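# An overview of the molecular structure
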Amino acid sequence: MIEREERSAVVIGAGPAGLAAAEVLAAAGLRPLILDAMPSPARKFLMAGKSGLNLAKDEPPEAVKAAIGCARLDPMLDAFGTEAVKIWAEGLGEPVFTGSSRRVFPKAMKASPLLRKWLARLDEAGAELRRRWRWTGWRGDDLVFQTPGGERTIQARTTILALGGASWPRLGSDAGWVGALEGAGAEVAPFRPANMGFDLDWSPYLRERFAGAPVKTAALTIGGRRAQGDFVISETGLEGSLIYALSAPIRDALAAGDADVRLDLAPGRREGDLAARLARPRGKASRANHLRKTIGLSGAKAALLRELAPDLADDAAATAQAIKSLPLPVQRPRPIAEAISSAGGVAWGCVDDDLMLTVRPGVFAAGEMLDWEAPTGGYLITACLATGRWAGAAARRLSAT
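Residues numbered from 1 in each chain as written. Predicted model: local features only at pLDDT ≥ 70, side-chain atom pairs only at ≥ 80, totals over all residues. Heavy atoms only, no water.

Across its full length, the protein carries 15 helices and 19 strands. A total of 401 residues make up the protein; the buried ones form 53% of that total. Look at the contacts in the protein between residues 6 or more apart in sequence, and 71% of them connect residues 24 or more apart. In the form shown here, the protein has an accessible surface area of approximately 17,500 Å², with 50% of it arising from carbon and sulfur atoms. Put simply, the protein has 51 plus and 45 minus side-chain charges, and the middle of one group is 7 Å from the middle of the other. (Helix = DSSP H or I, 4+ residues; strand = E, 2+ residues; numbered from the N terminus. Buried < 20%, exposed > 50% of the residue type's maximum accessible area, 1.4 Å probe, protein only. Contact = heavy atoms within 4.5 Å. Areas by Shrake-Rupley, 256 points an atom, 1.4 Å probe, with all protein chains shown as cover. Lys, Arg positive; Asp, Glu negative; His and termini not counted. Charge placed at Lys NZ, Arg CZ, Asp CG, Glu CD.)

Listed below in structure tokens is the structure:
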């Protein structure tokens, strides 16, 4: 016999969006039931914390909204933006600081202390967390789960789906929920990688000598958009914060068959000045030493110039032009399983302003399962928290009626 229970509020997915929704529900005394398919909660959140847990970007609200670039999220970010994220983290006993890049981190530079305190506060407020409960869809109005004890069903007055997107599937965001929502009549935009690296066809020399090498202070340009920062040469191509900053327009340009990506190896320096310095006689010095002595170009940057513009010889003007606008023959994005996040998800036409599914009254969607994407730099976690709290507040209001 299949076991069935009734609940006033159910949250499916124990990542940042789901836990944020549960926090709002618990604060209202609704004792939410949180269900997650994985053996432990918030695995992707913990993975993000291994590199410092960038919670938010300390910049004006309008700049945050512009960076995320989804107007439907604007009221949610107004309700829970950067300042609210900082207050929330410090309320959990995890002080934060703003780095030189305006990124906000917990002083502990880890996700695990914050998550432990968050889960403890939810438990004290009456929330219940069950692990290894995989949601498979609906049977009538009941939620159906596969659990270690067999199939279980729950009748819920309100449900919040916070099941993540399609990146890092081994951590739980495997988009396994798509069939259930499409079966219910909701439209789901196809998933695409976001904040990911790109493949380039490196020579064996570059791959063997420079894979893993960081490239400091460069600029990337595509279609009139420009970003400056650092990146890493990988065995398969390029990755890192500068690449992620423009990964969406590069991905979309590749799909359209017109990806003119340019790399500036010397941002802040004028092409004419570089050309004048490079025109100095080099005598018996090798070309590599001439680049190093005249303009300070060496290591990974010099290797990229040699790899991607091999026929410059001693043409100072052409070399300077290549340094300032080096064509990057990107081939394809790295697979979505390697991406930091994903684009695509539940279409905005399928949810109302409260994030409730139009085809399933009483069911809300939050976090990365919605169709939006944002660059790295704190925007992702901020928006996940904001959408989770927004859906939680709407579910709380519905429960009170």
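Taken together, seven strands build an open sheet; the order of strands is 16-15-12-13-14-11-17 and the sheet is antiparallel. Either end of the sheet is taken by a strand with one partner, and the two such strands are strand 16 (326–328) and strand 17 (332–333). Of the pairings in the sheet, the one linking strand 12 (residues 214–222) to strand 13 (residues 225–233) comprises seven bridges and is antiparallel in character. Residue pairing in the sheet places Leu 220 in a bridge with Ala 227 of strand 13. Across the sheet, helix 13 (residues 299–308) lies against strand 12, strand 13, strand 15 (261–264) and strand 16, angled at about 45 degrees from strand 12, the strand it touches most. (Pairing = 2+ DSSP bridges. Axes fitted to C-alpha atoms, helices over the stretch in contact; angles between N-to-C directions.)

The subject of this paragraph is the packing of helix 11 (residues 271–278) against helix 12 (residues 287–295). Where helix 11 contacts helix 12, the two axes come as close as 9 Å, and the packing angle between them is 125 degrees. Relative to helix 12, the element helix 11 is oriented oblique. Relative to helix 12, the crossing made by helix 11 is right-handed. Across the interface between the two elements, Leu 274, Arg 277 and Leu 278 from helix 11 touch His 290, Leu 291, Thr 294 and Ile 295 from helix 12. Here the residues of the contact of helix 11 with helix 12 sort into four nonpolar, two polar and one charged. (Parallel < 35°, antiparallel > 145°, perpendicular 65-115°, else oblique. Left-handed = near helix turned anticlockwise from the far one by under 90°. Nonpolar A, V, L, I, M, F, W, Y, C, P; charged D, E, K, R; others polar.)

With that out of the way, let us pick up the nonpolar core. Ranked by internal contacts, the top residues of the largest apolar core, which has 83 residues, are Trp 118, Trp 135, Leu 181 and Trp 372. In terms of residue count, helix 15 (residues 379–400) provides more of this core than any other element does, ten residues in total. Residues contacting Trp 135, with those up to four places away along its chain left out, are Ile 12, Leu 143, Val 144, Phe 145, Leu 161, Leu 163, Trp 177, Ala 180 and Leu 181. Ranked by size, the runner-up nonpolar core spans 45 residues in total, among them Ala 213, Ala 227, Leu 263 and Val 330. (Core = buried A, V, L, I, M, F, W, Y, C linked by side-chain atoms within 4.5 Å.)

If you check the backbone angles, Ala 42 has positive phi at about 55 degrees while not being a glycine. For Ala 42, the location among the structural elements is in the loop between strand 2 (33–35) and helix 2 (43–49). Judged by its relative accessible area of 6%, Ala 42 falls in the buried class. Non-glycine residue Arg 102 carries a positive phi angle of around 70 degrees. Relative to the assigned elements, Arg 102 resides in the loop between strand 4 (96–98) and strand 5 (103–106).

Here we take up the packing of aromatic side chains. Summed over all chains, the structure comprises seven aromatic pairs. Considering the side-chain rings of Trp 135 and Trp 138, the 4.9 Å spacing of their centres and the 80 degrees angle between planes classify their relative orientation as edge-to-face. Just as Trp 135 is buried, Trp 138 falls in that class too. Put simply, the rings of Phe 45, Trp 88 and Trp 118 pair up and form one aromatic cluster. (Phe/Tyr/Trp six-rings, centres within 6.5 Å; stacked < 30°, edge-to-face > 60°.)

The next thing to look at is the packing of helix 11 against helix 14 (residues 316–324). Closest axis-to-axis distance for the helix 11/helix 14 pair is 8 Å, and the angle between their directions is 140 degrees. The orientation of helix 11 with respect to helix 14, classified from their angle, is oblique. Two packed elements cross with a definite hand, and for helix 11 against helix 14 that hand is right-handed. Each of Glu 271, Leu 274, Ala 275 and Leu 278 in helix 11 lies in contact with helix 14, whose residues at this interface are Ala 316, Ala 317, Thr 319, Ala 320, Gln 321, Ile 323 and Lys 324. Here the contact of helix 11 with helix 14 is built from residues that sort into seven nonpolar, two polar and two charged.

An order of 3-5-4 is seen for the three strands of this open sheet, with the pairing classed as antiparallel. Since the sheet does not close on itself, it has two edges, and those belong to strand 3 (56–57) and strand 4, each with one partner. Note that strand 4 and strand 5 share three bridges and pair antiparallel. Pairing of Phe 97 across the sheet is with Phe 105, part of strand 5.

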